Amino acid sequence: MKTILITGGGSGIGRLTARRFLDGGWKVGLIGRRESALAETADGHPDALILPCDVTDEAAVDAAFARAVAEWGRLDVLFNNAGAILISRLIDEISWQDWQGVARVNIDGMFLCARAAFRQMRRQDPMGGRIINNGSIASEAPRPGSVPYTVSKHAVTGLTRTLALDGRPFNIACGQIDAGNAATEMITGVATQGAPQADGSIRPEPVMDAANVSEAVFHMANLPEGANVLHMTVMATNMPFVGRG
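This one's a predicted model, so the numbers in the text were calculated from it and none came from an experiment. (Residues numbered from 1 in each chain as written. Predicted model: local features only at pLDDT ≥ 70, side-chain atom pairs only at ≥ 80, totals over all residues. Heavy atoms only, no water.)

## Some thoughts on the sheet that holds strand 1 (residues 3-7)
No. 1: Taken together, 7 strands build an open sheet; the order of strands is 3-2-1-4-5-6-11 and the sheet is parallel. Two strands in the sheet have a free side with no partner beyond their single neighbour: strand 3 (48-52) and strand 11 (231-235). On average, each strand axis in the sheet is tilted by 15° relative to the strand beside it, whichever way the strands run.
No. 2: Bridge analysis of strand 5 (residues 129-134) against strand 6 (residues 172-180) gives 6 bridges, and the strand direction is parallel. By the bridge assignment for strand 6, Asn134 is matched with Ile177.
No. 3: Its contacts with the sheet place helix 4 (residues 96-123) against strand 1, strand 4 (77-80), strand 5 and strand 6, and it is angled at close to 175° to strand 4. (Pairing = 2+ DSSP bridges. Helix = DSSP H or I, 4+ residues; strand = E, 2+ residues; numbered from the N terminus. Axes fitted to C-alpha atoms, helices over the stretch in contact; angles between N-to-C directions. Contact = heavy atoms within 4.5 Å.)

Set out below in C-alpha cells:
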C-alpha cells in the first residue's frame, strides 16, 4: 500500500485530497495545526494517521515525518499543500508581521516539509518518491494587492523546478499544481462579494468544485516511475486568468 503525507490536511483542498487518497487505497498522513480538524478529515479511517504539526516549526516537521516513516516504513509522496493568504492591500499598507505570516507558511513551511520528504526519499530502499507542491495561478499572474502571496507562490515554483532537477539522481520527482478559484473556505467571497480586478473594480468570478484539484493531485501521484507532471494548472474555465491584467 502506497503512502502519502498531506500538509494542511484539516480543511479545503487538503481535506478533499486526503479523502480521495484514502478512498483510493493509500495510507495517508494528515499534517496540520488543529488536531480536531485532522480527526474530522480522517473520520475514523484505519489508514489515516493524524500528525498535529505546525509546518513552520522545524523540529515539529521533522518529528511528524519521522513518526510517519516509523509507522509505514517509507514515504512515497508528499503533497506540500499548507498555505496562507493576506487580504488585498498595497505594499505600503502591509506590516512586517503580516508579510512574515504569509512567508513563514508558504515559503519556510514548504521548504521544511520538502526537505524532510527529500531526506527520507533519498535514503529509503528502494530509493525515490514524489513531491507535489501546491502553487497557485498567482505564480504566473498576480491579483492586485497581493505582494506577499504572489511572491511566496513564485518561490514555490522555484522550489518545484529545483527539486525536479536535484531529485533526478535519487529517483525523486517533483511537480506543482496551480489551482484557480477552487471553491474552498479560503476563497468563499470570490464568487459572491467578488475579487479585485486589474482595472480597480471588484467583480464576482466563476469558481469550480475543489474536488477537481484533489483528483488532479491523485493523478499526478499515481503516475508510473519515470513519468512526471512538472506543472499543472486546474482552473474555473471562465475565470480571469489568461486575460488577467
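## Some thoughts on the nonpolar core
Where a protein is soluble and globular, its nonpolar side chains tend to be buried together.
No. 1: Of all hydrophobic cores here, the largest spans 35 residues; its most connected members are Val28 and Ile177.
No. 2: When residues of this core are traced back to their parent elements, those giving at least two are strand 1, helix 1 (12-23), strand 2 (27-32), helix 2 (35-42), strand 4, strand 6, helix 6 (211-221) and strand 11.
No. 3: In terms of residue count, helix 6 provides more of this core than any other element does, 6 residues in total.
No. 4: Ranked by size, the runner-up nonpolar core spans 32 residues in total, among them Ala64, Ala68, Trp72 and Cys174. (Core = buried A, V, L, I, M, F, W, Y, C linked by side-chain atoms within 4.5 Å. Buried < 20%, exposed > 50% of the residue type's maximum accessible area, 1.4 Å probe, protein only.)

## Looking at the UniProt feature "domain: Ketoreductase" (unreviewed entry) in the protein
No. 1: Under the present numbering, the feature "domain: Ketoreductase" (unreviewed entry) in UniProt falls on residues 2-180.
No. 2: Overall, residues 2-180 shows 46% helix and 20% strand. The separation of its end C-alpha atoms is 28 Å. (UniProt positions renumbered as here; feature names shortened; annotations may be inferred.)

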